[in-house]
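This is what each chain is made of:
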Amino acid sequence: MKFAVLVFPGSNCDIDMYHAIKDELGEEVEYVWHDATDLSEFDGILVPGGFSYGDYLRCGAMANQSNVMAEVKKAAAEGKPVLGVCNGFQILTEAGLLPGALLRNKNLKFMCRTVQLKVENNDTLFTNQYEQGQIINIPIAHGEGNYYCDEETLANLKANNQIVFTYSGENPNGSLEDIAGIINERGNVLGMMPHPERAAHELLGSADGLALFKSIVKQWREQHV
């Protein structure tokens, strides 16, 4: 399986994502600059964290205007897996690939620490290697991770089982319903604020994030090999 790690001006988690895929997962991966106009050679798209375009206007707003985002939307429409982490999640909401928005943390502070997540739905291409209800340790690093949506959208997320991860025990940012990660209705686009790529080896303090990437590869191979 071949992954693309998108790189915008201001991205700072692209190297972490590349390392998780190449060195820990053992799959093929390439960096793709934001002005790319063709992602057809890639089987999965990874939108990493950071501060794309300095978070000007709104987090992810300017990144959504990049050439590559038209190709990300095309890949998502084709059913390819698309993962957005932290700033990547913000970009996917700006692009309309996921509902809702990420607001300033409730305490108005940037937070960087490991939190516990609960796997709310393990029947997805991103979570099939987890147990339902499993508690995992994944780091966060964000100032605008407070997920919000209107009541109708929240009802739809619940009805369609689109809430994939919630914060367990402590809600660090004030997210609605403790939401930490959601998928689209089709199930091939995941956005999450915590960083699974920073939990891909025990030397980092946790390897709980690696199962997310293994899940993607497992389902892709079942469908294509």
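Residues numbered from 1 in each chain as written. Predicted model: local features only at pLDDT ≥ 70, side-chain atom pairs only at ≥ 80, totals over all residues. Heavy atoms only, no water.

The name an unreviewed UniProt entry gives the protein is Phosphoribosylformylglycinamidine synthase subunit PurQ, with Ureibacillus acetophenoni as the organism. UniProt lists a comment for the protein under the heading Subcellular location (unreviewed entry), and it reads "Cytoplasm". Database annotation for the protein, UniProt heading Subunit (unreviewed entry): "Part of the FGAM synthase complex composed of 1 PurL, 1 PurQ and 2 PurS subunits." (UniProt positions renumbered as here; feature names shortened; annotations may be inferred.)

S.K.: Is there a simple way to think about the overall build of the protein in this case?
M.R.: Helix and strand content of the protein: five helices and eleven strands. What you see for the protein is a C-alpha radius of gyration of 16 Å, in line with the 17 Å of a compact globule of 225 residues. Counting over 225 residues, the protein shows a buried share of 55%. When contacts within the protein are restricted to residue pairs at least 6 apart in sequence, long-range pairs at least 24 apart make up 73% of them. When the accessible surface of the protein is summed, it comes to about 9800 Å², and 46% of that surface belongs to carbon and sulfur atoms. A gap of 2 Å separates the mean positions of the 17 positive and 30 negative side-chain charges of the protein. (Helix = DSSP H or I, 4+ residues; strand = E, 2+ residues; numbered from the N terminus. Rg over C-alpha atoms; globule rule 2.2 N^0.38 Å. Buried < 20%, exposed > 50% of the residue type's maximum accessible area, 1.4 Å probe, protein only. Contact = heavy atoms within 4.5 Å. Areas by Shrake-Rupley, 256 points an atom, 1.4 Å probe, with all protein chains shown as cover. Lys, Arg positive; Asp, Glu negative; His and termini not counted. Charge placed at Lys NZ, Arg CZ, Asp CG, Glu CD.)

S.K.: Looking at this model, I keep getting lost on the sheet that holds strand β6 (residues 111–119). Mind explaining?
M.R.: The strands making up a sheet associate through backbone hydrogen bonding, with each pair oriented either parallel or antiparallel. With mixed pairing, the nine strands of this open sheet are ordered in space as β2-β1-β3-β4-β11-β10-β9-β6-β7. Looking along the sheet, the strands with just one partner apiece sit at the ends: β2 (28–33) and β7 (135–142). Taking each pair of neighbouring strands and ignoring which way they run, the sheet shows an average axis angle of 25 degrees. Note that strand β4 (residues 82–85) and strand β11 (residues 189–192) share four bridges and pair parallel. Bridging from a neighbouring strand, V82 pairs with V189 of β11. Seen against the sheet, helix α1 (residues 14–25) touches β1 (2–7), β2, β3 (44–47) and β4 and runs at an angle of roughly 165 degrees to β2. (Pairing = 2+ DSSP bridges. Axes fitted to C-alpha atoms, helices over the stretch in contact; angles between N-to-C directions.)

S.K.: Would you mind showing me how to read the packing of aromatic side chains here?
M.R.: Here a ring pair, both rings aromatic, is described through the centre-centre distance and the interplanar angle of the planes. As enumerated under the stated definition, the model contains four aromatic pairs in all. Centroid distance F89 to Y147: 6.1 Å. Interplanar angle 10 degrees. Geometry classified as stacked. With F89 in helix α3 (residues 87–94) and Y147 in strand β8 (residues 146–148), the pair connects residues that are 58 residues apart, well separated along the chain. For the residue pair F89 and Y147, the accessibility class agrees, reading buried in each case. Relative to F165, the ring of Y130 lies with its centre 6.3 Å away and its plane at 85 degrees, an arrangement referred to as edge-to-face. You can see Y130 sitting in the loop between β6 and β7 and its partner F165 sitting in strand β9 (residues 163–167), a full 35 residues away along the chain. Pair check on accessibility: Y130 and F165 agree, each one buried. (Phe/Tyr/Trp six-rings, centres within 6.5 Å; stacked < 30°, edge-to-face > 60°.)

S.K.: Explain the environment of L39 to me, please; I cannot follow it from the model alone.
M.R.: On the secondary structure map, L39 appears in the loop between β2 and β3. We classify L39 as buried; its relative accessible area is 2%. For the pair L39 and V72, spaced 33 residues apart in sequence, the C-alpha to C-alpha distance is 7.5 Å. Those residues in contact with L39 that sit more than four places away from it in its chain are A4, L6, V32, I45, V68, E71, V72 and K80.

S.K.: Which parts of the structure should I look at to understand the UniProt feature "active site" (unreviewed entry) in the protein?
M.R.: Residues annotated in UniProt with the feature "active site" (unreviewed entry) correspond here to C86, H195 and E197. A maximum C-alpha distance of 11.0 Å among these annotated residues, which run over 112 residues, shows that they cluster at one spot. Inspection of the secondary structure puts H195 in the loop between β11 and α5 (210–224). As for its placement among the helices and strands, E197 is situated in the loop between β11 and α5. For E197, a relative accessible area of 1% gives the class buried. Residues contacting E197, with those up to four places away along its chain left out, are C13, D16, M17, A20, V85, L204 and F213. Side chain to side chain, E197 and H195 meet in a polar contact 2.7 Å long. (Polar contact = N/O pair within 3.5 Å; in protein donor to acceptor, adjacent residues only side chain to side chain.)

S.K.: What am I meant to see in α1 here?
M.R.: For an α-helix, the turn length of 3.6 residues means that residues three or four places apart are oriented alike. The end-to-end C-alpha distance of α1 is 15 Å, a good match for the 16 Å that twelve residues give at a rise of 1.5 Å each. Among all positions in α1, only D14, M17, A20, I21 and L25 are buried. Taken around the axis of α1, the buried residues stretch over an arc of 130 degrees, which confines them to a single face. Exposed residues lying more than 90 degrees from the buried face of α1 are I15 and D23. After α1 finishes, the residue G26 shows a positive phi value of roughly 80 degrees. (Expected span 1.5 Å × (residues − 1). Arc of directions from axis to C-beta.)

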